[in-house]
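Observations on the three-dimensional arrangement
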Amino acid sequence: MLREGEGEVEETGVAVVIAAKNEESRIAATVRAARTLPGVDLVVVVDDGSTDRTADVALDAGARVFRHGRNRGKGAAMETGAEGVGLIEENDRGSGRPPRHLLFLDADLEATAADAAPLIAPVTDGKTDMTIALFPATRLRLGGHGFVVRLARGGVRKATGWEPEQPLNGQRCLTRDAFEAARPLATGFGVETGLTIDVLRAGFRVLEVEVPLEHRATGTDLRAQLHRARQFRDVARALAVRELRPTARRRWERTRERAGTAGRQLARKVGHMSWRNHPK
């Protein structure tokens, strides 16, 4: 996207934000690949409480690094990354450039991060406000039938009327305005589901784009099953919060009214409760 200012036209750049925990063996390749993406002139890595050399390796690869002293989760890392981009831009105020778009990538993509380019153009060209990656291999392997995927997909559809194919995909590019409209982000593994709902509810456009990327396989052992259980919990929490937000006051009033009615009925039944003992 081009913006005009005092006799010159300035193109909106793209900042890559990578949340990482204990990824010292992969983060360098991911950072180097991200730096080759079109329009990208800044790569920020948020070390989310790593116990290895993730931060040092990312710095050596050319990233700007922000660190959490303890693990705070992906949503917090994404917000820290976006805030970090803002701080860097404030220090470069003399450049006159508009705020960068944000491209969120996973730390384990390694060299394939360079294939995320299709996510960028629809946003920089103004065709959409947020792109979400579609991984072809994931489509073939799962067919969209994972139980967490079904929960997230159905939740987004119920909340917005739009049904994403891969609602849990974290590879996303979006405008700064769209990102700010979705803050605060959902916690944990619910961040992608919450982000999609909040961006759409704020009136922004969302587009899924096929990209030749793929995650590491999660596996089927006990550790993998616990991971999926945590995903399910966090997605369910994100959906519950967003279901309550638009009607929170109305629901709260109804709950109070039902509780009062139930209390009066129970008092009449057991005889040892008095409505006078309850605050009006």
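Refer to the preceding data block for the structure.
Before going into details, it helps to say that this report is about the structure given with it. (Residues numbered from 1 in each chain as written. Predicted model: local features only at pLDDT ≥ 70, side-chain atom pairs only at ≥ 80, totals over all residues. Heavy atoms only, no water.)

For the chain, the helix and strand inventory stands at 10 helices and nine strands. Split into buried and exposed, the 280 residues of the chain put 44% on the buried side. Expressed as a percentage of contacts within the chain between residues at least 6 apart in sequence, the contacts between residues at least 24 apart total 75%. For the chain, the exposed surface amounts to about 14800 Å²; the carbon and sulfur share of it is 50%. (Helix = DSSP H or I, 4+ residues; strand = E, 2+ residues; numbered from the N terminus. Buried < 20%, exposed > 50% of the residue type's maximum accessible area, 1.4 Å probe, protein only. Contact = heavy atoms within 4.5 Å. Areas by Shrake-Rupley, 256 points an atom, 1.4 Å probe, with all protein chains shown as cover.)

Contact pair helix H3 (residues 74-91) / helix H8 (residues 191-201): the axes reach a minimum separation of 9 Å and the direction vectors enclose 55°. With respect to H8, the element H3 is oriented oblique. Across the interface between the two elements, Lys74, Gly75 and Met78 from H3 touch Val191, Glu192 and Leu195 from H8. (Axes fitted to C-alpha atoms, helices over the stretch in contact; angles between N-to-C directions. Parallel < 35°, antiparallel > 145°, perpendicular 65-115°, else oblique.)

By convention here, two paired aromatic rings are described through the distance between centres and the angle between planes. This model, assessed by the stated rule, comprises two aromatic pairs. Ring geometry for Phe147 versus Phe232: centroids 5.7 Å apart, planes at 40°, classification tilted. Taken together, the positions of Phe147 in helix H6 (residues 147-160) and Phe232 in helix H9 (residues 222-244) put the pair 85 residues apart, joining distant regions of the chain. Its relative accessible area of 37% is what places Phe147 among the partly exposed residues. (Phe/Tyr/Trp six-rings, centres within 6.5 Å; stacked < 30°, edge-to-face > 60°.)

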